[in-house]
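The residues making up each chain are set out below.
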Amino acid sequence: MKFQYSEKKVHLPEKVHDYAEKKVMKLARFFDDDAEALIVFSVEKGRNLAELTVHGSGTWFRAHEATSDMFASIDAAVATIEGQIRKNKTRLARRLRQDAFVRTVEETSFAPEPETEESFAVTKVKHFPMRAMTREEAILQMNLLEHSFFAFRDADNGNAFAVVYRRNDGGYGVLNDAE
């Protein structure tokens, strides 16, 4: 597992990084060797925040925890991700059996079109590979990332571009091409 560290508004000793690496390595049994972990440490309002993002085999897991102690925040973030994996164990296992974790070579990027009016300023552009998955897999990935929407290629609809989103009534919606 590869590690990256980021510190915001705080400078921590190397022993905190070592501790975080040791704790996150407990999650390595769930991922391939090429998994990546990004750990962001910060301090806000006297609380020590640890945000842990683990990416492996096409799936993202994210947790952020805040406590009065940085070590406790790291422990809590690792426990949260382990809980996410256990909670979704059967769904993730089904995806593994269906070989859904295999990366596809095809990558799609969405570049912004030239601006025609100054009132629509694009402040950030993200490029990411989109792979085909079922709607259930997309909802699972959206929930693991704690996002309110998720863009993907809909395997149930000929790999067409689609978006799943969380509705206010607690259900889920799908946006796709009308063809």
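Details of the structure are given in the entry above.
Residues numbered from 1 in each chain as written. Predicted model: local features only at pLDDT ≥ 70, side-chain atom pairs only at ≥ 80, totals over all residues. Heavy atoms only, no water.

> How should the nonpolar core be read in this particular structure?
Looking at soluble globular proteins, one finds that nonpolar side chains tend to be buried together. Core analysis: the largest hydrophobic core is formed by 24 residues, its most contacted members being Phe-41, Leu-52 and Ile-81. The set of elements that each furnish at least two residues to this core consists of helix 1 (14–24), strand 2 (36–44), strand 3 (47–56), strand 4 (59–67), helix 2 (70–87) and helix 4 (135–145). Among the nonpolar cores identified, the runner-up in size contains nine residues, and Ala-138, Leu-145, Phe-152 and Val-164 belong to it. (Core = buried A, V, L, I, M, F, W, Y, C linked by side-chain atoms within 4.5 Å. Buried < 20%, exposed > 50% of the residue type's maximum accessible area, 1.4 Å probe, protein only. Helix = DSSP H or I, 4+ residues; strand = E, 2+ residues; numbered from the N terminus.)

> Looking at this model, I keep getting lost on the pattern of salt bridges. Mind explaining?
Where charged atoms of side chains with opposite charge meet at close range, the side chains can pair. Scanning all chains against the criterion turns up five salt bridges. For Arg-86, the salt bridge goes to Glu-82, with nearest N and O atoms at 2.8 Å. Taken together, the positions of Arg-86 and Glu-82, both in helix 2 and four residues apart, correspond to about one turn of that helix. Linked through salt bridges whose partners overlap, the residues forming this network are Arg-29, Glu-82 and Arg-86. (Salt bridge = Lys/Arg side-chain N within 4 Å of Asp/Glu carboxyl O.)

> Would you mind showing me how to read unusual backbone geometry here?
Residues other than glycine predominantly adopt negative phi, and peptide bonds predominantly adopt the trans conformation. Here the phi dihedral of Lys-9 falls at roughly 60°; this positive angle occurs in a residue that is not glycine. You can see Lys-9 is positioned in the loop between strand 1 (2–8) and helix 1. With relative accessibility at 72%, the residue Lys-9 sits in the exposed group. We note that Lys-45 has phi near 55°; this positive angle belongs to a residue other than glycine. By relative accessible area, which is 86% here, Lys-45 ends up exposed.

> Whenever I open this one, the sheet that holds strand 2 confuses me. Can you help?
Pairing between the strands of a sheet is mediated by backbone hydrogen bonds and can be parallel or antiparallel. Sheet architecture is open: four strands sit in the order 1-2-3-4, paired in mixed fashion. Edge positions in the open sheet fall to strand 1 and strand 4, since each of these has one partner strand only. The mean angle between the axes of side-by-side strands here comes to 15°, regardless of whether they run parallel or antiparallel. (Pairing = 2+ DSSP bridges. Axes fitted to C-alpha atoms, helices over the stretch in contact; angles between N-to-C directions.)

> Sorry if this is basic, but what is going on with the side chain of Lys-23 here?
Note on placement: Lys-23 falls in helix 1. Residues contacting Lys-23, with those up to four places away along its chain left out, are Ile-74, Asp-75 and Val-78. (Contact = heavy atoms within 4.5 Å.)

> Whenever I open this one, the packing of aromatic side chains confuses me. Can you help?
On inspection of all chains with the given rule, the structure shows three aromatic pairs. Ring centres 6.4 Å apart and planes at 10° place the aromatic pair Phe-3 and Tyr-5 in the stacked group. Aromatic side chains Tyr-5 and Phe-41 sit 6.3 Å apart centroid to centroid with 10° between the ring planes, which places their arrangement in the stacked category. Here Tyr-5 is found in strand 1, whereas its partner Phe-41 is found in strand 2, with 36 residues between them in sequence. By relative accessible area, Tyr-5 is classed as partly exposed at 27%. Residue classification places Phe-41 among the buried positions, given a relative accessible area of 0%. Taken together, Phe-3, Tyr-5 and Phe-41 form an aromatic cluster joined through their ring pairs. (Phe/Tyr/Trp six-rings, centres within 6.5 Å; stacked < 30°, edge-to-face > 60°.)

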